[in-house]
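Breakdown of the fold
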Amino acid sequence: MKANSVAVIGGGAFGTALACVARKAGNDVCIWARNQTVVADINEGRGNPLYLPDVSLESGITATTDMAEALEGAQAVLLVVPSQHLREIAERMAPHASGKAVALCSKGVERSTGKLMSEVAAQCLPDSGIAVLSGPTFARELALGLPGAVTLAATEEWVQNTILQTVGIPTFRPYVSNDVVGAEIGGAVKNVLAIACGIVTGRNLGENARAALVTRGLAEVMRLAVKLGARAETVMGLSGLGDLTLTCNSPQSRNMSFGIELGRGRTVAEILAERRAVTEGVWSAESVCDLADKLKVDMPICQAVNRIVSLDADIEKTISDVLNRPFRQEHG
Ligand SMILES: NC(=O)C1=CN([C@@H]2O[C@H](COP(=O)(O)OP(=O)(O)OC[C@H]3O[C@@H](n4cnc5c(N)ncnc54)[C@H](O)[C@@H]3O)[C@@H](O)[C@H]2O)C=CC1
Ligand SMILES: O=C(CO)COP(=O)(O)O
């Protein structure tokens, strides 16, 4: 068995960035990617120009399309695929992931079931130790070695310790928690809220409007998280407030930039057709709203985004509907 071996499942921007972090933490890293070109690019030293251009990778990071090979001998696994594909990939991992610590790094809610990523993993990876790794982390900045911090949530101490040792370095500081649902809900919902902030930016509605959206968006995350049994303090931490602040304030965010283009008048189909990268909020808007409806949680901003991206609602009318909601107490 190789010492300090880590498997990264998913060869997109974030998987590649986390591979850089795990390598800096002293591990041998093997990335599983489904795309043969990505695998060849990584193994031949060109980096990952398709998903993370202009970033060079250290030696000690290899790639394969063979799931068994990627997972063989790995003590820790970072699962970094788009949330709507997590179930399929986790099922493929399962025969090779027994007894390993698996950190879920995807941000979303499964459309077909309304399940959180930890719930999907519990079904598909019953013999693995599950953690959630989530926070304000643009892939490019991580890959360049710029500093950042995340929430690392797991209920089992050995899982916390394994993932902490795998990725913890001075420029990537995991803060440990046992609130798994709290850690994942912030990342899933902020993608939807970032689309709203993008729309407001694209329509030149001003900085005041965006600050109001971030704050009222945080209230939506809080209501849903608490209803799901998560702790309020987790929502106020890196995976909640931290990621919401990052994603809603930077056009570097795929979700925010998607919203900006929508706000400028382009259609969902036009924008998506030009993108290779995943825009998670588009796929999670509906499932977040379904979950909120089921739990009777009021989430007017997420619902407005869902009407625009999933139901093709008129943007002006949708903004006007949100602004004309009845006045209410700020808290409660
Ligand atoms: N990029 C970032 O800055 C961050 C991303 N994340 C999360 O990480 C997850 C992965 O995102 P990225 O690495 O950025 O993706 P990406 O947009 O860079 O690449 C998409 C990846 O999905 C793969 N893919 C596409 N269709 C697939 C399918 N049918 N089955 C399996 N894989 C498929 C592609 O091969 C590629 O590896 C997402 O949930 C995202 O929210 C989290 C934090 C930061
Ligand atoms: O999750 C992210 C940063 O924490 C990345 O956000 P985008 O997917 O919107 O680029």
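These numbers come from a predicted model, not from an experiment.

This part is about the site of ligand 2. Taken together, 13 residues lie around ligand 2, and T137, D243, S253, R254 and N255 are the ones closest in. Counting only elements with at least two residues in the shell around ligand 2, the list comes to helix 8 (180-202), helix 11 (238-247) and helix 12 (254-263). Among the elements that make up the shell around ligand 2, the one with the highest residue count is helix 11 (three residues). Broken down by class, the residue content of the shell around ligand 2 amounts to four nonpolar, five polar and four charged.

Here the focus is the UniProt feature "domain: Glycerol-3-phosphate dehydrogenase NAD-dependent C-terminal" (unreviewed entry) in the chain. Listed under "domain: Glycerol-3-phosphate dehydrogenase NAD-dependent C-terminal" (unreviewed entry) in the UniProt record, and renumbered for this structure, are residues 179-319. Span residues 179-319 is 75% helix and 0% strand, its end C-alpha atoms 34 Å apart.

Contacts to ligand 1 come from 26 residues, most closely from G12, A13, F14, S106 and A277. Sorting elements by how many residues they give to the shell around ligand 1 places helix 1 (residues 13-24) first, with three residues. Classifying every residue of the shell around ligand 1 gives 13 nonpolar, ten polar and three charged.

Before going further, it helps to examine the nonpolar core. The nonpolar side chains of a soluble globular protein tend to be buried with one another. Within the largest apolar cluster, 109 residues are counted, with the highest numbers of intra-cluster contacts made by I9, L79 and A131. Of the residues forming this core, the biggest block, 13 residues, is contributed by helix 8. Each of domain 1 (5-178) and domain 2 (181-324) gives at least three residues to this core. In this view, A131 contacts A101, A103, L104, L152, A153, A154, V159, Q160 and I163; residues no more than four positions away in its chain are not counted.

Reading the values: the criteria
- Residues numbered from 1 in each chain as written.
- Chains lettered and ligands numbered in written order.
- Predicted model: local features only at pLDDT ≥ 70, side-chain atom pairs only at ≥ 80, totals over all residues.
- Near = placed C-beta within 6 Å.
- Helix = DSSP H or I, 4+ residues; strand = E, 2+ residues; numbered from the N terminus.
- Nonpolar A, V, L, I, M, F, W, Y, C, P; charged D, E, K, R; others polar.
- UniProt positions renumbered as here; feature names shortened; annotations may be inferred.
- Core = buried A, V, L, I, M, F, W, Y, C linked by C-beta atoms within 7 Å.
- Buried ≥ 20, exposed ≤ 12 C-beta atoms within 10 Å, placed from the backbone.
- Domains from an automatic or database assignment.
- Contact = placed C-beta atoms within 7 Å.

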